[in-house]
Amino acid sequence: MKEWTREEKYRYLKDLSEIKELHDRAEKSVYRQNYHIQAVSGLLNDPNGFTFFDGNWHLFYQWCPWGAVHGLKYWYHVKSRDLINWEDCGIGISPDEGDAPDNKGAYSGSGFVLDDILYLYYTGNHRDADYVRHPFTLLASMDREGKITKAEKPLFSENPVYTEHQRDPKIVYIKEKEKYYIILGAQTPEKKGRVIVYKSDNAVSGYEFAGELSVPGYEDLGIMWECPSIEHIDGKDVLIFCPQHLSLPGRGGSQNHNTYLVGKMDWDKLVFLPEGKLEFLDFGFDFYAAACAAGTGRHILSAWMGLPDVTYPTDEEEWSGCLTLPRELSVKNGRLIQKPVKELESLRKEEIEAGAGDYENVKLPKAAELLIKTDAEEGSGFSMRLFAGKDGQGGLSVSYDASEKKLEIDRSGMDIVFNESEGTSRKLQLSAALSELRVFIDSSSVEIFVNDGEAVFTSRVFSTEHEKYLRTDRGKAEIKIWSLK
Ligand code: FRU
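About the criteria used
Residues numbered from 1 in each chain as written. Predicted model: local features only at pLDDT ≥ 70, side-chain atom pairs only at ≥ 80, totals over all residues. Heavy atoms only, no water. Phe/Tyr/Trp six-rings, centres within 6.5 Å; stacked < 30°, edge-to-face > 60°. Helix = DSSP H or I, 4+ residues; strand = E, 2+ residues; numbered from the N terminus. Buried < 20%, exposed > 50% of the residue type's maximum accessible area, 1.4 Å probe, protein only. Domains from an automatic or database assignment. Contact = heavy atoms within 4.5 Å. Buried area = accessible area lost by both parts, 1.4 Å probe. Salt bridge = Lys/Arg side-chain N within 4 Å of Asp/Glu carboxyl O. Polar contact = N/O pair within 3.5 Å; in protein donor to acceptor, adjacent residues only side chain to side chain. Pairing = 2+ DSSP bridges. Axes fitted to C-alpha atoms, helices over the stretch in contact; angles between N-to-C directions.

Right, let's talk about the packing of aromatic side chains for a bit. Summed over the entire model, instances satisfying the criterion amount to 22 aromatic pairs. Ring centres 6.3 Å apart and planes at 55° place the aromatic pair F156 and Y207 in the tilted group. In this pair, F156 sits in the loop between β8 (148-150) and β9 (166-174) while Y207 sits in the loop between β11 (193-200) and β12 (208-212), placing the two residues 51 residues apart along the sequence. When its relative accessible area of 9% is taken as the criterion, F156 is described as buried. Clustering of aromatic rings is evident, with ring pairs tying together Y31, Y312, F418 and F462.

With that settled, the discussion passes to the domain arrangement of the chain. If you check the domain split of the chain, you get domain 1 (6-340) and domain 2 (348-484). Inter-centroid distance (C-alpha atoms) of domain 1 to domain 2 is 30 Å. Each side of the interface is counted separately: domain 1 has 37 residues, and domain 2 has 37 residues. Buried area between domain 1 and domain 2, summed over both chains or domains, comes out near 3,100 Å², and the portion from carbon and sulfur atoms is 54%. Our count for the contact surface shared by domain 1 and domain 2 stands at 2 salt bridges. If you look at where domain 1 meets domain 2, you find 28 residue pairs in polar contact (both at pLDDT 80 or more).

Another aspect to go through is the sheet that holds strand β23 (residues 348-352). Pairing within the open sheet is antiparallel, and its 6 strands lie in the order β23-β34-β25-β30-β31-β32. A strand with exactly one partner marks an edge of an open sheet, and here the two such strands are β23 and β32 (455-460). With direction set aside, neighbouring strand axes in the sheet form an average angle of 20°. With 6 bridges joining them, strand β31 (residues 445-450) and β32 adopt antiparallel strand pairing. Looking across to β32, one finds that E447 is bridged to T458.

Here it is, written out as structure tokens:
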């Protein structure tokens with residue numbers, strides 16, 4: 001693996017032509033995705049500034065141009081009319097050199113549409129002459145022509161009560177109060193993860209520190225909460241965040257998680273009162289930094305299909321990272337329901353003849369959707385393998401134990417096993433018997449939606465030349481397969 005010097009990681013990009021070779025090389029990879037947003041070169045991490053503005057969905061992603069390394073971060077911009085076909089709009093926000101507030105990176109943040117402008121709130125990852133970090137909360141605005149201009153001054157600088165880890169502004173407008181709130185992920189000097197809140201009467205200026213968010217029962221959950229957001233969905237408030245550096249049951253050795261709480265937010269007292277237990281947003285291996293779109297009545301979420309502190313097989317090819325498919329959120333019985341957006345149906349190209357009820361060695365297209373209906377309660381459960389070899393061996397196993405209502409995925413049977421420290425299997429106890437799996441396969445990922453959105457398992461998988469087949473091992477199912485555009 002390449003060793004990076006600080007100079008190499010934090011090199012400023014002067015012209016897009018400098019990444020042409022890296023981009024062309026990445027494009028030749030067998031693991032390049034067909035219908036997911038992925039790094040144009042180098043590394044992609046969090047989705048940023050996700051909004052609906054002027055007839056388009058706008059998304060930016062955290063981007064380090066130079067390779068699979070967390071170095072100097074930019075916001076790279078893509079837009080879409082349908083959440084499916086994304087147009088490349090080039091760099092959205094670049095860090096500035098010298099003593100600029102974002103001199104070592106334009107870190108994550110959110111967007112907000114007001115009148116004819118899309119406002120972008122982000123963290124300036126500033127390092128001083130002694131290389132000490134000073135985070136700034138910064139603003140940029142995009143007009144209808146797509147021109148992005150940085151505000152002259154920071155919205156506010158670091159809060160002296162917390163450590164250098166204060167970032168990822170999420171802007172929330174509360175109509176009844178006619179107030180704008182910016183929430184940030186933060187860390188106390190005792191190294192506890194927190195959310196801190198700023199407020200103003202005005203979207204673009206006058207922010208004052210309002211206080212720390214109290215989340216009773218969650219005072220000691222990880223050392224830092226990254227990418228927090230508070231969404232109002234179906235009459236409930238949902239606090240979404242990424243607690244870091246803690247071990248949670250069922251997650252292997254993973255130290256980074258994307259979780260949520262459903263509850264009630266009191267914006268006057270700054271208390272988020274949970275109404276249920278802490279939930280994972282996703283049960284797969286690779287999911288982090290989820291962001292919900294603003295500026296629309298729909299609750300659409302996308303996340304980084306990856307994790308901090310791990311490596312991926314394409315790192316060798318000098319690129320890494322893609323985003324998840326957009327999902328539509330609702331709240332039912334105190335939990336989030338996540339469904340693939342309905343627009344995804346337009347990706348279906350042709351239905352593949354899979355044979356009736358006997359699925360041995362069905363060849364999977366590189367880009368495919370599978371709809372699996374099973375009546376597992378009646379029998380001994382259900383199990384199948386995706387990406388098995390023609391000899392029926394190996395692959396990603398998806399199995400359901402009807403007596404315990406447990407669904408498990410296991411990627412240890414794949415030829416390329418990676419990030420074993422995160423564990424090689426994930427299990428979930430379903431609230432009802434398994435009836436449906438909707439699976440989206442791309443060149444190097446799989447997203448499995450369970451029982452019409454009750455749970456999702458999202459993972460990167462790097463299948464080799466001969467790992468192409470679907471095979472059911474146990475139980476009965478009706479399976480439809482479409483190749484995707
Ligand atoms: C989450 C994160 C954010 C930060 C960004 C930097 O993955 O660490 O907290 O703003 O990535 O790229």
